[in-house]
Every structure is written in C-alpha cells, then in structure tokens.
Amino acid sequence: MAPLKEQTIFLNARLADGSLVDLTVTDGRFSAIMPVQKASSADLAGIDLGIVDLAIVDLGGQLVVPAFVEGHIHLDTSFYGDAWRPHIPCTNGFDVRERVAFQTRNLAAAAPMAERAKNQLELCIGHGSLAMRSHVMVDGSVGLTHLETILTVREQYRDLIDIQLVAFPQSGILASPGTPELLEEALKLGCDLIGGLDPASFDRDVKGHLDVVFGLAQKHGAGVDIHLHDGGTSGLFQVEEIAARTRALGMQGNVAVSHAYGLGDIPTDALLKAGEMLAACGVAIMTNAPGNHAFPPVAALREAGVTVFSGSDNIRDSWWPYGDGDMLSRANMIGYRSGFYEDHELAAAFDMVTHAGAKALGLAGYGLAVGASADFVTLSAQHVPEAVVAVPKARTVYRRGRAVAKDGKMLTH
Ligand SMILES: [Zn+2]
C-alpha cells in the first residue's frame, strides 16, 4: 500500500496584501492557496482520508511570510552560547589584519566549534531563517579543519535548514601560502562558493587574487562571494573588476560582493554608474547595515536593478558583540539606518531578507506559491511594514509544513 500523503491545511493565513487565505501543504510543499471559506469546504470535501493523513491548523489571521534568508554569517567563529568575549578595539582604527589576530587568540580558548555552530544555527532557525549562506575560514593557519566541522554540522541540520558554504580565505590568498590549493580542496569537499577578502588592501594584488577566485569558480562551477571592506575609489575599482570578470565568464547571478563599503562613500553619479554596471553584470550586493561604517545605499541600488540582500555577518564574535540571528530585526536595522519610513521602503527592507536573499542565493522553490517548499513564518502583525518596525518576537517557524520553532525556541519532535 502506498504511504499516506501528509497534508495540513492552514486556515486564515494573512498574506502581505492583507488578504486571508487557506494554505494547503501536501508532503512539504504548498499544493493550494485559496481565499478563505471557498477553500476549506471545497478542499475538505475533496479529501480522501484513505490516502491522506490530514491535520488542520487555524492561524487566526496571523501574517504569513516566507522563511527568512540569512545571506551572510560565520558559523565557525561565533561565541554565541559560549563565554562572553569582551570586544578588543584596534590600536589605530579598523584593521582587518589586527582583527584576524584577535580572532585567532579568542578561538584558541573557545568552546568546541560544533557546539558554537549549533548554538548559532538554532538561534537563526528559532527566529525563522531556513536558508543560509555561511562563510567558513579556509587558509594556511587553520587548513580545512573549520570546514570539516561545519560540513558535519550542516549534515546534521539538513532537515531543518538549507546551508550554502563559502570557502573563505580569512588570511588572504596570496598572503597565506598554500591557500589556493586549500580553497580548491574545500570546493571538492562540499563548499558551494569560493570567497575572497579585500584583494587590494589584504593581498595587495587585485589581479592575482581574482585570478585564483574566478579561476577556481570556473573550474568547479562554483559561485563567488567576496568580502570587500575597502572603501572609496579603491573599493569601487575592485567592484568594477569583479563585475567585469563576472560578465566575461558568463557568471551573472552567481556572484556577490559582501559589504562593498566603497559604494557608500562615493559621489552620487559614480554610484549610479556602479549600480547600472552591477545590475547589467548580475552581481549582488550584501549589506548588514553595519555600525558606524558607510554602507551601500540600498534604495539607489535596488532602483538600478541590483539584487541587494542581507545577513547577520558576525554574531558575538571577535569583530563585534552585536547580532541576534533575527533577519526581521536585521530588516528593521537596514530600514532605520537607510531612513526608510514609507510602506514601500519598509517592504524593500523586508524583501532584502526574503525574496532578494533567495534570488542572491539562487534558491529554487522559494516563497508562498503553489509548488514551493512550505517554509514559512507566522507573525503577530497586520502587514509587512508593521512587522518590520515592530519586530514581533512571537512567531512560529514551519519547515516543509511542520512547526520546528516557536517564539525563538526550537521545538523537539
Ligand atoms: Zn563576513
């Protein structure tokens, strides 16, 4: 006998446009989305209980949104759930090398990495992120040890969250002997993307750095996501170089620049040109609206057609003490720092942590649509703009139609 289909009907779900619908989930995917009343009776009448294991959940008019997309995080270097690590300031302004040295010192005394990564994953899932891109250190100092641990954790959590891993050369590529070979090995072991780090200021060789990154990406069919903190015209130059290579290699849609601080401190006409170029070359920009840094102007880039997405980046680590793993809270922060007040602006901040994130990560079957994976979050809010400003913590997280977390806490099955 064929196994029973598992079906759940979620009654009275409020969509972003305010309409109330009933959502039917069959074997983990949305199989029907119908206006309230018409749907329930029709669906129920048509169900053959001989082939369906049916459950009904009344959402009582709660807002239903697609699960959040955590587009940039570091699962290997957070101390979340471990002892508090007081922040150590740089001696003479922000310096990536010095911060890496602080990180090495802190990690030597940290709790086991698998434990810390799990703490952080459960924090993120608890708040509604069910897809994630994590950068993982791969360099001459740690070799592949971080990656091996995070690959195991990814496997353990695969039923709860989809995780992309980026082979991240935290100590540079040319500056850290053996790193190109390690990056290639990381791609073979299961990394989905290759990362990079400030080709100009860290390796002092933009061409040499990008030759390795794009060479390996092409050889292994991997995506690219480069950390770029360099500001001003140097930052802009590197963004242009990345975009040119993306177009030349036909990698549109598979390349992202994380941070791209330089886009936040160049003149308006230069920004507009950069926006057009990034849109034409299919290069996405990740920003987490960081502390006191200039950051890419979200509205202008979106207007130009650029995919702008977001992530928590560092949570309780050697770079800063902030971060709560809540992408709705991140949307709030982006809106606040961007001066977003109007509903369409608040919706844009929300888009960065949902649909734009899904586009940047190339997720298939994302969203509230028939056929899509039933990964969603219910929120106590009337609509998306209210959710972005109020950041309701009361929420339930559903993975493939099953509740996996409630009010920030994982549910055990
Ligand atoms: Zn990062």
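Refer to the structure above for everything that follows.
Residues numbered from 1 in each chain as written. Predicted model: local features only at pLDDT ≥ 70, side-chain atom pairs only at ≥ 80, totals over all residues. Heavy atoms only, no water.

### Concerning the side chain of Thr-287
Selection rule: A run of DSSP states H or I qualifies as a helix once it reaches four residues; a run of E qualifies as a strand once it reaches two. Both are numbered from the N-terminal end. Polar contact criterion, stated in full: a pair of N or O atoms within 3.5 Å, where within protein one must be able to donate a hydrogen and the other to accept it, and residues adjacent in sequence count only if both atoms are side-chain atoms. The contact criterion used is simple: two residues touch if any of their non-hydrogen atoms lie within 4.5 Å.
In this structure, Thr-287 sits in the loop between strand S12 (283-286) and helix H9 (298-303). Polar side-chain contacts of Thr-287 include one of 3.2 Å to the backbone nitrogen of Ala-289. Contact partners of Thr-287, with chain neighbours within four places excluded, come to Phe-295, Pro-296, Val-298, Val-308, Phe-309, Ser-310, Gly-311, Ile-334 and Met-352.

### Describing helix H6 (residues 206-220)
The test is simple: A helix's residues, less one, multiplied by 1.5 Å, set its expected span. Each residue's exposure class comes from its accessible area (1.4 Å probe, protein chains only) as a fraction of the maximum for that residue type: buried when under 20%, exposed when over 50%, partly exposed otherwise.
Between the first and last C-alpha of H6 there are 21 Å, a value that for 15 residues agrees with the 21 Å anticipated at 1.5 Å per step. By the burial criterion, the buried members of H6 are Val-206, Gly-208, His-209, Leu-210, Val-212, Val-213, Phe-214, Leu-216 and Ala-217. In this structure, the buried residues of H6 make contact with helix H5 (179-189), strand S9 (193-197), strand S10 (223-228), helix H7 (232-248) and strand S11 (255-259). Positive phi appears at Gly-221, one or two residues downstream of H6, with a value of about 65°.

### Brief notes about the nonpolar core
Our working rule: The criterion is simple. A nonpolar core is a set of buried Ala, Val, Leu, Ile, Met, Phe, Trp, Tyr and Cys residues joined through side-chain atoms within 4.5 Å.
Counting residues in hydrophobic clusters, the biggest one holds 88 residues, and the most contacted among them are Phe-214, Val-224, Leu-263 and Leu-278. The element that contributes the greatest number of residues to this core is H6, accounting for seven residues. Not counting the four nearest positions on each side in its chain, Phe-214 is found in contact with Val-224, Ile-226, Ile-242, Arg-245, Thr-246, Leu-249, Met-251 and Val-255.

### Describing the environment of Asp-317
With respect to the helices and strands, Asp-317 occurs in the loop between strand S13 (308-309) and helix H10 (327-338). Residue classification places Asp-317 among the buried residues on the basis of a relative accessible area of 4%. For the pair Asp-317 and Asp-76, spaced 241 residues apart in sequence, the C-alpha to C-alpha distance is 9.7 Å. Those residues in contact with Asp-317, other than ones at most four positions away along the chain, are Thr-77, Ser-78 and Phe-79.

### Section: the coordination of the zinc ion
Rules: Shown as donors are all N, O and S atoms within 2.8 Å of a metal ion, widened to 3.2 Å for Na, K and Ca; because water is not in the atom set, sites may appear incomplete. Only two sets of limits are used to name each site, 85 to 135 degrees for every angle of a tetrahedral four-donor site, and over 155 degrees for opposite donors with all other angles from 65 to 115 for a square planar four-donor or octahedral six-donor site, with any other site named irregular.
Protein ligation of the zinc ion involves His-72 (NE2), His-74 (NE2), His-227 (NE2) and Asp-313 (OD), the donor distances falling in the range 2.1 to 2.4 Å. Geometry at the zinc ion is irregular, judged from its four donor atoms and the angles of 87 to 172° they form at the metal.

### Quick look at helix H3 (residues 113-127)
Count 3.6 residues to each turn of an α-helix, and residues three or four apart come out pointing the same way. Taking 1.5 Å of rise per residue, the 15 residues of H3 would be expected to cover 21 Å, and the 21 Å separating its terminal C-alpha atoms lies within 8% of that figure. Looking only at H3, the buried set comprises Met-113, Arg-116, Ala-117, Gln-120, Leu-121, Leu-123, Cys-124, Ile-125, Gly-126 and His-127. Positive phi shows up at Gly-128, right after H3, with a value of about 110°.

### Quick notes on the state of the cysteines
Condition: When two cysteine sulfur atoms lie within 2.5 Å, the pair is treated as a disulfide.
All chains considered together, the criterion is met by zero disulfides. Sulfur of Cys-191: no disulfide; nearest cysteine sulfur belongs to Cys-124 and is 18 Å away. Relative accessible area serves as the criterion here: at 7%, Cys-191 is assigned to the buried category.

Function cannot be inferred from these measures alone, as they are strictly geometric.
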